[in-house]
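Remarks on the overall topology
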Amino acid sequence: MTINVSSSGCLGAAGPDTAELNAEDLTPELLRAWAWHRQGLDGTLAGATSQEVLARAGWARSVGGANPYLTLFARAGIRRDQVDQDVLDLRIHELPTARGCTYVLGREDFAWALSLGKNAEEAFRVLGRLGVDRGEMTLLEEQILHVLSEAEGPMDPKQLKDELGESVRNLGEEGKKKGAATTLPTALGLLQADGRIRRVPVNGRLDQQRYAYALWEPPPGKLGPEDARTELIGRYLGWTGGATLKQSQWFTGFTVAHSRAALAGVGAVEQPTAGGDVLWMLPHDVESLAAFAPPEEEQIQLLAGTDSLVLQRRNSADLFAEEDRYRKVLNSTLALQADLPDHPILDRGRIIGLWQYDPGRARIAYWLFDGATSAARQRIAEVEAWIQEDLGDFRSFSLDSVASRQERIDALDAANG
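Residues numbered from 1 in each chain as written. Predicted model: local features only at pLDDT ≥ 70, side-chain atom pairs only at ≥ 80, totals over all residues. Heavy atoms only, no water.

This part takes up the overall build of the protein chain. What the protein chain contains, in helices and strands, is 17 helices and 15 strands. Relative to a compact globule of 417 residues, whose C-alpha radius of gyration would be 22 Å, the protein chain shows 23 Å and is just as compact. Based on the C-alpha atoms only, the size of the protein chain along its principal axes is roughly 65 × 60 × 40 Å. Out of the 417 residues in the protein chain, the part that is buried amounts to 51%. When contacts within the protein chain are restricted to residue pairs at least 6 apart in sequence, long-range pairs at least 24 apart make up 63% of them. Working note: accessible area of the protein chain is about 18,400 Å², and carbon and sulfur atoms make up 48% of it. Of the side-chain charges in the protein chain, 44 are positive and 60 negative, and the distance between the mean point of each set is 5 Å. (Helix = DSSP H or I, 4+ residues; strand = E, 2+ residues; numbered from the N terminus. Rg over C-alpha atoms; globule rule 2.2 N^0.38 Å. Buried < 20%, exposed > 50% of the residue type's maximum accessible area, 1.4 Å probe, protein only. Contact = heavy atoms within 4.5 Å. Areas by Shrake-Rupley, 256 points an atom, 1.4 Å probe, with all protein chains shown as cover. Lys, Arg positive; Asp, Glu negative; His and termini not counted. Charge placed at Lys NZ, Arg CZ, Asp CG, Glu CD.)

See below:
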């Protein structure tokens, strides 16, 4: 692989005086290994702190599932008790940010990441259709802040509702149909997105969606909208090692115009690949990729289906080798699905199998496409022991249950013979 650099050392759009990787060298196999490396799944984050992992690999998607725990364990060997302590000490925290989705992120990102969440008008739109005016919501927000200011500790929604009484309006059957039974959840969401309150896990765990609320003042440093978008694009390209415009839009929720402005703001360059995609990359990553050599030894990891490696670009199909793309589980072709139906087992960025946790038998049910190597068996045993000791179960999201995944566990067992 070669790279041509202009005499000035500057990188820019493709042309006679710019740095350029040969597209034919950027094969799917190389790009899988490159993303694996950028995500710190190759051992380069061993011993790192929770904050350091999230800064390098990106924010961990949280939907009441165990992904944040496995994100940190897979990359740095961090156990659940340390993660929970980091949450308690506000070194990391779960916040609404890009596209209004919740992620676990490091302290240095709290203030500016909040500014990327849903704005107040968007969050209020549903209530407006139900006859709630903005003044009513503003008053409710102020009352919540007053109640929390006099509380001895965090308060859960029921406690708040009991204390606020008639200030919380019941929106009836029509509200239930629209996902807004009362005005309280929206008010809490607005206050959280504004950084005036924060959610506190009731039992200190990230893999259960039971929260109380407390007053909060995030660290200073909130960026304006344009600077926040530029910051996120720079972080995102660093986390992924390069992504298409469409992939970046899926993660950020930015318009084409906002995306292009942010890409220009970080000096990103376009890089064609052997597969025909055009990746946007940070200039220093172009140079790093030119010198990158994929590891020769197996590097096995079990990840969640919502892990950053998969979710940031939502490109699980690209992580299958060509011969595995059309394998099926329960008559579903793996590479034709936007999101994986099961958790992936990977080797240097390539998906080599799938897994689910079976708490009834305290074991990992898995299917390795080409059979298990000793390295794969060892890593499966390590993750299995970690789930048993630290989590008790491995849920994909808050409502995930043993019954809901039993069919998939049986299908993996059947595929594994």
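There is more to say after this.
Bringing unusual backbone geometry into the picture now. Backbone geometry places L90, a non-glycine residue, at a positive phi of 60°. Mapped onto the fold, L90 is located in the loop between α4 (80-88) and β4 (92-96). One non-glycine residue, R314, lies in positive phi territory at about 45°. With respect to the secondary-structure elements, R314 resides in the loop between α15 (308-311) and β11 (328-329).

On to the packing of helix α11 (residues 225-240) against helix α12 (residues 245-252). Interhelical geometry of α11 versus α12 gives an angle of 115° and a closest axis separation of 11 Å. Helix-helix and strand crossings are classified by hand; for α11 and α12 the assignment is right-handed. For the pair α11 and α12, the contacting residues are L232, I233, Y236 and W239 in the first and Q247, S248, F251 and T252 in the second. When its residues are assigned to classes, the contact of α11 with α12 shows five nonpolar, three polar and no charged. (Axes fitted to C-alpha atoms, helices over the stretch in contact; angles between N-to-C directions. Left-handed = near helix turned anticlockwise from the far one by under 90°. Nonpolar A, V, L, I, M, F, W, Y, C, P; charged D, E, K, R; others polar.)

Quick look at the sheet that holds strand β5 (residues 102-106) now. Strand order in the open sheet formed by three strands is β3-β5-β4, and the pairing between neighbours is antiparallel. What marks the edges here is a single partner per strand, and that holds for β3 (60-61) and β4. Where β4 lies against β5, five bridges are found, and the strand directions are antiparallel. Pairing of I92 across the sheet is with G106, part of β5. (Pairing = 2+ DSSP bridges.)

A few words now on the sheet that holds strand β13 (residues 343-347). If you trace the four strands from one edge of the open sheet to the other, you get β10-β13-β14-β15, paired in antiparallel fashion. The outermost strands of the open sheet, each flanked by one partner alone, are β10 (300-302) and β15 (363-368). Direction aside, the axes of adjacent strands within the sheet are offset by 25° on average. Alignment of strand β14 (residues 350-358) against β15, held across six bridges, turns out to be antiparallel. Across the sheet, the residue bridging to D358 is R363, located in β15.

Once that is clear, we can look at the side chain of R32. Structurally, the position occupied by R32 is in helix α1 (residues 28-38). A relative accessible area of 7% places R32 in the buried class. Sequence-distant contacts of R32, that is, excluding residues within four places in its chain, are made with D318, L319, F320, A321, R348, G349 and R350.

It is worth spelling out the side chain of Q39 at this point. With respect to the element layout, Q39 can be found in the loop between α1 and α2 (50-57). Accessibility expressed as a relative area gives 2% for Q39, which makes it buried. At 2.7 Å, the side chain of Q39 and the side chain of R75 are in polar contact. At 3.3 Å, the side chain of Q39 and the side chain of Q312 are in polar contact. Apart from residues lying up to four places away in sequence, Q39 is in contact with L45, A57, R75, W239, D307, S308, L309 and Q312. (Polar contact = N/O pair within 3.5 Å; in protein donor to acceptor, adjacent residues only side chain to side chain.)

What is shown is where atoms sit, not what they do.
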